[in-house]
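Architecture at a glance
Letter by letter, the chains look like this.
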Amino acid sequence: MITEVTMPSMGADMTEGTIVKWLFNEGDDVNKGDKIAEVETDKTVVEMEAYSSGKLRKILISEGTMVTVGTVIAYIGDENDEIPEISSESPGKQEIDEPSTEIQVEDNNVEQVEKIEKVEVNQTETVKVNNNDNSRVKASPIARKLALEKSINIADVPGTGPGGRITKTDVENYSPQKTFAPSNSSKAISIDSSDIDLSTMRQAIARVTVKSKSTIPHYYVTHDINMTAAMSFRSQMNEILAETNEKISVNDMLLKAVTNALIKYPKWNSSYDENKLSGNASINLGVAMALEEGLIVPAIMSTENMSLSEISQSVKDLSNRARGIGGNLTQDELTKGTFGTSNLGMFGTKSFSAIIVPPNAGIIAVGKVEQKPIVQNGNIVIASIMSASMSADHRVGDGAEAAMFMSEVQSSLENPLKLI
């Protein structure tokens, strides 16, 4: 039976995506769950999975093409299955720029060297590229298209992607560098008051946060956690792990403590769904990550089965792949988080409240661990204190339930042997 492969939604805010690379060729055998393509969204590059097994009979959308969510991009089936007729009015029809190859540009040339004849691409049409060359510029297809539209020389744009690759956001945020001559005289300060166009990633973040605050009744529960024992435990663990080059962070301990609390109170691992709470069989902890392009919250999958060390390794791997190092994020990591965490302690933030990522029931936000005087057994002592605040969905649970959940997180961190 022939199966349609459609452009998937990598989140509630995603409306379109670009095929960066096909990982299989036509005629290859594909198994359900195989990563068959890399898809660029507003936020990152994600590995797309196959939802059926068979041969990749036909690829309809070429690399570098942007299509809307739900567009048929390929067919998977048996050798004898008949491939449906491809309509000339295919919803996959998009205007795109050149294929995803390296651009050749002239050194020190201030004018755009590339001359691209844009064509409207269906499944069989291509784009013509003229390269004049000697130094190479790596850029995503969307970045190249946007640079041409804005009349920006792509070679002048600093790249923040993997290996210096220029992303769409790099082009959107690019402005010619201004130089100022040094002067000993006092001059009036001029403030740049020009409007700033929102990048597509910032627009996506805006949509998600507005949806969250508009539809989820947030309330907040804050605990000050005594991290003195946890910090000592962490130092001892890192001494033991020194030979393996592993290091346990405060955030790793937080994730393990949250996992313990979700095991005890699985209600917070569910999501509100009209007249019921939809439960989840796995704890998939979202970890807020600040990239140069903006914020993403990919998830570590099935933390209930992980040790503290395994969580630590998984976070590092997730962070690298979120930045395009050593691979890309998967669909599940980007769309199937069940509870969120956010940590701004490394920026010096003492406390804050985070916005829940739909459809999660909650998210915990923590600030930096700082030395504070506290009263302990009638004496004033110096302790390492961390503020942790839970943003909770009132449809899922009331204040007392969130307080008990936070008390369990606090108990694990104040008695760190619970973490192992």
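Residues numbered from 1 in each chain as written. Predicted model: local features only at pLDDT ≥ 70, side-chain atom pairs only at ≥ 80, totals over all residues. Heavy atoms only, no water.

1. Some thoughts on the pairing of strand E6 (residues 54-59)
Pairing of strand E3 (residues 29-30) with E6, which is carried by two bridges, proceeds in the antiparallel orientation. Bridge assignment links Asp-29 to a residue of E6, and that residue is Lys-55. Strand direction decides the pairing type here: E6 and strand E8 (residues 72-77), joined by four bridges, are antiparallel. Bridged to Lys-55 within E8 is Gly-77. (Pairing = 2+ DSSP bridges. Helix = DSSP H or I, 4+ residues; strand = E, 2+ residues; numbered from the N terminus.)

2. Some thoughts on the packing of helix H5 (residues 250-264) against helix H6 (residues 308-322)
When two helices pack together, their arrangement is captured by the angle between the axes and the distance separating the axes. Contact pair H5 / H6: the axes reach a minimum separation of 9 Å and the direction vectors enclose 120°. With respect to H6, the element H5 is oriented oblique. You can see that H5 and H6 cross each other, and the crossing is right-handed. On the side of H5, the interface is formed by Asp-252, Met-253, Leu-255, Lys-256 and Thr-259, while H6 contributes Leu-308, Ile-311, Ser-312, Val-315 and Lys-316. Its residues assigned to classes, the contact of H5 with H6 shows five nonpolar, two polar and three charged. (Axes fitted to C-alpha atoms, helices over the stretch in contact; angles between N-to-C directions. Parallel < 35°, antiparallel > 145°, perpendicular 65-115°, else oblique. Left-handed = near helix turned anticlockwise from the far one by under 90°. Contact = heavy atoms within 4.5 Å. Nonpolar A, V, L, I, M, F, W, Y, C, P; charged D, E, K, R; others polar.)

3. Focus on the packing of aromatic side chains
Under the definition given, this model contains two aromatic pairs. With centroids separated by 6.5 Å and ring planes inclined at 55°, the aromatic side chains of Trp-268 and Phe-405 adopt a geometry described as tilted. Taken together, the residues Trp-268 in the loop between H5 and strand E16 (271-273) and Phe-405 in helix H8 (residues 399-414) connect sequence positions 137 residues apart. For Phe-405, a relative accessible area of 0% corresponds to the buried category. Here the aromatic rings of Phe-339 and Phe-405 are separated by 5.4 Å at their centres, their planes lie at 50°, and the arrangement is tilted. Placement of the pair is Phe-339 in strand E23 (residues 339-343) and Phe-405 in helix H8, with a sequence separation of 66 residues. (Phe/Tyr/Trp six-rings, centres within 6.5 Å; stacked < 30°, edge-to-face > 60°. Buried < 20%, exposed > 50% of the residue type's maximum accessible area, 1.4 Å probe, protein only.)

4. Here we look at unusual backbone geometry
Of the consecutive residues Pro-358 and Pro-359, the connecting peptide bond is found in the cis state with omega at 5°. Its location among the elements puts Pro-359 in the loop between E23 and strand E24 (362-366). With a phi close to 65°, Asn-245 is a non-glycine residue in the positive phi region. On the basis of relative accessible area, Asn-245 is assigned to the exposed category, the value being 72%.

5. Brief notes about the sheet that holds E6
Ordered in space as E1-E8-E6-E3, the four strands form an open sheet in which the pairing is antiparallel. Strand pairing shows two members of the sheet lacking a second neighbour, strand E1 (3-6) and E3, which therefore form its edges.

6. Re the sheet that holds strand E5 (residues 45-49)
Within the open sheet, the five strands sit side by side as E7-E2-E4-E5-E22. Their pairing is mixed. Every other strand in the sheet has two partners, leaving strand E7 (66-68) and strand E22 (329-330) as the edge strands with one partner each. Pairing of strand E2 (residues 16-22) with E7, which is carried by three bridges, proceeds in the antiparallel orientation. Bridge pairing links Glu-16 to Thr-68 in E7.

7. Here we look at H6
Taking 1.5 Å as the rise per residue, H6 with 15 residues should run 21 Å; its terminal C-alpha atoms sit 21 Å apart, in good agreement. Among all positions of H6, only Leu-308, Ser-309, Ile-311, Ser-312, Ser-314, Val-315, Leu-318, Ser-319, Arg-321 and Ala-322 are buried. Looking at the residues trailing H6, positive phi occurs at Gly-324, about 80°. (Expected span 1.5 Å × (residues − 1).)

8. Considerations on the environment of Asp-170
Among the secondary structure elements, Asp-170 is positioned in helix H2 (residues 168-173). Taking the C-alpha atoms as reference points, Asp-170 and Pro-158, 12 residues apart in sequence, are found 6.9 Å from one another. Apart from the residues lying within four places of it in its own chain, the contact partners of Asp-170 are Val-157, Pro-158, Gly-159, Thr-160, Gly-161 and Arg-165. Polar side-chain contacts of Asp-170 include one of 2.9 Å to the backbone nitrogen of Thr-167. (Polar contact = N/O pair within 3.5 Å; in protein donor to acceptor, adjacent residues only side chain to side chain.)

9. Focus: the pattern of salt bridges
Inspection of every chain in the model, using the stated rule, returns 11 salt bridges. The partner of Lys-35 in a salt bridge is Glu-49, with the nearest N and O atoms 3.8 Å apart. Of the two residues, Lys-35 is situated in strand E4 (residues 35-40) and Glu-49 in strand E5; the sequence distance between them amounts to 14 residues. Overall, the relative accessible area of 29% leaves Lys-35 in the partly exposed class. Lys-336 is the salt-bridge partner of Asp-332, the closest N and O atoms lying 3.4 Å from each other. (Salt bridge = Lys/Arg side-chain N within 4 Å of Asp/Glu carboxyl O.)

10. Description of helix H3 (residues 200-215)
The end-to-end C-alpha distance of H3, which contains 16 residues, comes to 22 Å, matching closely the 22 Å that a straight helix rising 1.5 Å per residue would cover. Regarding H3, the residues found buried are Thr-200, Met-201, Ala-204, Ile-205 and Ser-212. Relative to the axis of H3, the buried residues are bounded by an arc of 145° and lie together on one face. Residues Val-210 and Ser-214 are exposed on H3 and point more than 90 degrees away from its buried face. Against the buried residues of H3 lie H2, strand E15 (218-226) and strand E20 (294-296). (Arc of directions from axis to C-beta.)

11. Observations regarding the confidence of the model for the protein chain
On average, the protein chain scores 83 in pLDDT, and the residues at 70 or more come to 84%. Note on residues 88-135: pLDDT under 50 across the span, and 106 contacts to partners over four residues away in sequence or across chains. (pLDDT = per-residue confidence, 0-100.)

12. Considering the pairing of E23
Summarising burial for E23: five of the five residues are buried, a large majority. Neither face of E23 is exposed, since Phe-339, Thr-341 and Asn-343 on one face and Gly-340 and Ser-342 on the opposite face are all buried. Examined bridge by bridge, strand E18 (residues 285-287) and E23 share three bridges and lie parallel to one another. By the bridge assignment, Gly-286 is partnered in E23 with Gly-340. In terms of strand pairing, E23 meets E24 through four bridges, oriented parallel. Bridge pairing in E24 places Asn-343 opposite Val-366.

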